[in-house]
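Next come the chains, spelled out residue by residue.
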Amino acid sequence: MKNVAISLKNVSYSYDKKNDVIKNVSLDIEKGKFISVIGHNGSGKSTFAKLIMGLLEPKEGEIKIFDLPLDGEHISQIRPYLGIVFQNPDNQFIGATVRDDIAFGLENQCYPQNKMDPLIEEYASRVGMSELLDKEPGNLSGGQKQRVAIAGVLAMHPKIIVFDEATAMLDPQGKDDINKLIELMRKKNEELTLITITHNVEETQTSDEVIVFNEGEIYMRGKPEDVFLKADKLRSIRLDTPLLYRVKEAFLSVGIKLKSKSIDELKEEIWP
Amino acid sequence: MAVKFKHVNFTYSPKSPFEHDALFDINLEIDKNSFTAVIGHTGSGKSTLIQHINALLLPTNGVVNVNETLITPIRFRKYRRYLEKTIKNKKKTNEQKEIARNLLDEINNFNPYKKKKLRSEVGIVFQFPEYQLFEETVLKDVSFGPRNFGKTKEEAINLAKEALNRVGIDETYYERSPFELSGGEKRRVAIAGILAMKPSILILDEPTAGLDPLSSLKMMELFFEIYRQGITIILVTHDMNHVLNYSTHVIVMRDGKVERKTTPRELFADLKGEDVISLPPLYKFMHDLVDRGCPLKIDKINNEKDLARAIKGLKGNA
């Protein structure tokens with residue numbers, strides 16, 4: 001079980017004690033994987049996220065993080081493993097400058113003051129914010145704010161990072177920035193487990209696995225190519241596939257089979 | 001034609017330290033029974049523009065013609081005299097005189113607007129319309145508009161029921177308080193409140209802001225259905241997929257001016273990298289193919305299937 005980062009066993013949850021929004025869900029998420037969770041509002045995906053972050057307690061079943069039960073007894077032991085990036089970048093700022101903000105988490109962990117500056121600078125540079133360290137967070141764009149939030153999370157050395165609709169409020173440029181950063185984080189640290197909860201299917205294509213929630217249950221789970229090839233199954237719950245798969249499907253219907261695994265390959269294949 | 005802007009300028013707080021020019025010489029026509037999207041950055045004048053259509057804002061200069069009645073900056077006759085004086089005034093430039101002549105032309109051909117009639121003909125759904133609910137019950141809230149515009153209680157209730165039916169709110173909701181509904185339901189009730197006034201022009205200011213993708217899709221399908229029943233729709237939006245999938249015309253605003261008026265397919269075919277819009281993924285993809293030398297006619301393509309057929313055709317010829 002060493003390689004399992006998150007494990008759910010027969011987990012159910014309800015807000016009103018009548019209707020379960022998570023229905024008897026069991027799953028294991030391996031260490032070092034990048035998982036995308038998609039589904040509509042009310043599908044249970046956000047509740048799932050809150051459960052694994054320890055913000056809600058399951059009504060039934062058990063959740064383990066690195067083999068430790070996620071309960072009142074162990075939560076303080078587990079918390080340092082978990083980093084969370086929330087939806088609204090404005091609600092996550094504490095510091096008066098970008099530097100203070102990244103420092104906050106470290107100070108909380110009683111990190112020695114003299115070692116803090118180089119560390120802050122390192123993480124700021126990882127998210128491309130070195131030049132903006134002494135700016136006020138209020139003057140940053142949405143994408144920049146989320147990058148600062150991510151630097152703050154990274155500086156705590158979490159083993160699991162959950163992005164809870166972290167790109168939903170950003171403009172296309174901001175979304176792109178964050179997705180590139182996620183890619184970079186994966187390359188930098190292969191041990192890091194990343195979970196993104198998202199509405200946007202285009203963002204899920206580079207992940208190792210896609211989990212589709214519907215009506216509180218896991219509706220589909222698998223590699224992106226396996227999930228998105230079943231376009232009809234997704235469309236029956238009114239989710240669509242990413243552009244790559246829609247284009248491949250359309251070409252197949254006129255008798256052209258395409259092999260590409262990314263949009264860039266696809267351009268090359270269609271018009272070399 | 002449903003709406004015509006002629007030489008419209010608008011200045012917020014004129015002659016004060018907060019004076020700010022928001023619209024510059026807007027000339028624009030919006031056809032009857034069209035679905036027109038208005039796009040542009042925050043601050044480009046989109047909201048200022050639409051508030052002129054039901055006279056929430058009056059032009060600082062110029063006229064707005066809505067359903068063949070005129071909205072003028074000052075009282076109709078006074079504005080006519082002002083324009084006549086401008087034409088005779090030797091200090092004015094020829095261009096100013098020409099504009100005055102154009103405006104006078106409009107004034108001589110149409111009558112002034114009547115506020116109450118205009119407000120019932122032009123419905124505006126503002127952003128987050130659910131904040132505008134106020135009555136004790138859903139039915140009372142929706143029938144408030146028609147009552148206010150002089151319908152009898154019974155007529156108003158019938159109009160309200162019809163409007164609620166249109167937005168998919170059934171009778172089990174009639175006696176409930178609007179405040180205990182879900183966010184999406186509240187929004188539909190608020191929209192029914194506008195529809196109950198039977199407007200011929202419906203203006204929507206980012207009606208899907210804050211909704212999840214499925215609710216947003218359902219909302220847009222509702223507006224498209226209303227459009228097909230013969231109502232002119234003007235939609236302010238940032239969502240290029242909505243522009244692409246529903247609108248018949250697009251107005252691009254920039255810095256208080258109309259940059260262009262076009263159709264969605266033409267817009268996405270030749271306005272690539274422009275920063276006012278972020279292209280829908282399929283269009284971005286097609287532009288990249290064109291950049292690779294693929295002689296694709298983007299304005300002829302509506303969806304992935306069209307693209308597949310077009311590419312097959314091009315390869316067949318090569």
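All residue numbers refer to position in the chain's written sequence, counted from 1. Both sets of labels track the order of writing: A upward for chains, 1 upward for ligands. Owing to the predicted nature of the model, reporting of local features is limited to residues with pLDDT of at least 70; listing and counting of side-chain atom pairs is limited to 80 or more, with chain, interface and lining totals taken over all residues.

Broken down by element type, chain A carries ten helices and ten strands. Computation of the radius of gyration draws on C-alpha atoms, with the globule rule given as 2.2 Å multiplied by the number of residues to the power 0.38. What you see for chain A is a C-alpha radius of gyration of 20 Å, in line with the 19 Å of a compact globule of 272 residues. Taking the principal axes of the C-alpha coordinates as reference, chain A spans close to 65 × 50 × 35 Å. To sort residues by burial, count the other C-beta atoms lying within 10 Å of each one's C-beta; a count of 20 or more means buried, 12 or fewer means exposed, and anything in between means partly exposed. C-beta atoms are built from the backbone. Looking at the 272 residues of chain A, the share that counts as buried comes to 38%. Two residues qualify as a contact pair if the distance between their C-beta atoms, derived from the backbone, is within 7 Å. Residue pairs in contact within chain A that sit at least 24 positions apart in sequence constitute 63% of those at least 6 positions apart. Comment: elements are numbered from the N terminus, with helices defined as DSSP H or I runs of at least four residues and strands as E runs of at least two.

Residue and element names in this part refer to chain A. Taken N-terminus to C-terminus, the directions of helix α5 (residues 142-154) and helix α6 (residues 172-188) make an angle of 25°; their axes are 8 Å apart at the nearest point. The orientation of α5 with respect to α6, classified from their angle, is roughly parallel. As α5 runs across α6, the sense of the crossing is right-handed. Contacts between α5 and α6 involve G142, G143, Q146, R147 and I150 from the first element and Q173, G174, D177, I178 and L181 from the second. Classes in brief: Ala, Val, Leu, Ile, Met, Phe, Trp, Tyr, Cys and Pro nonpolar; Asp, Glu, Lys and Arg charged; the others, Gly included, polar. Residues that form the contact of α5 with α6 fall into these classes: three nonpolar, five polar and two charged. Here an angle of 0 to 180 degrees is reported between the N-to-C directions of two axes, which are lines fitted to C-alpha atoms, with helices fitted over the stretch in contact. Geometric relationships in this document are graded by angle, where less than 35 degrees denotes roughly parallel, more than 145 denotes roughly antiparallel, 65 to 115 denotes roughly perpendicular, and other angles denote oblique. By convention, the crossing between two helices is left-handed when the near helix turns anticlockwise from the far helix through less than a right angle, and right-handed when the turn is clockwise.

All names here are of chain B. Those residues of helix α5 (residues 138-148) that sit buried are V138, L139, D141, V142, S143, G145 and P146. Against the buried residues of α5 lie α6 (153-166) and α7 (183-195). Directly after α5, the chain includes G150, whose backbone phi takes a positive value near 90°.

Once that is clear, we can look at the interface of chain B and chain A. Listed by partner, the interface residues are 19 residues for chain B and 18 residues for chain A. Breaking the side of chain B that touches chain A down by element, the ones donating at least two residues are α8 (213-228), α11 (281-291) and α12 (304-317) of chain B. With seven residues, the single largest contributor to the side of chain B that touches chain A is α12(B). Partitioning the side of chain B that touches chain A into residue classes produces ten nonpolar, two polar and seven charged.

Moving on to unusual backbone geometry. Even without glycine at this site, A:H157 takes up a positive phi of about 50°. As for its placement among the helices and strands, A:H157 is situated in the loop between α5 and β7 (160-164). Assessed through the 12 C-beta atoms surrounding it within 10 Å, A:H157 is described here as exposed. A positive phi angle, close to 40°, is found at B:D25, a residue other than glycine. Tracing the chain through its elements places B:D25 in strand β2 (residues 20-30).

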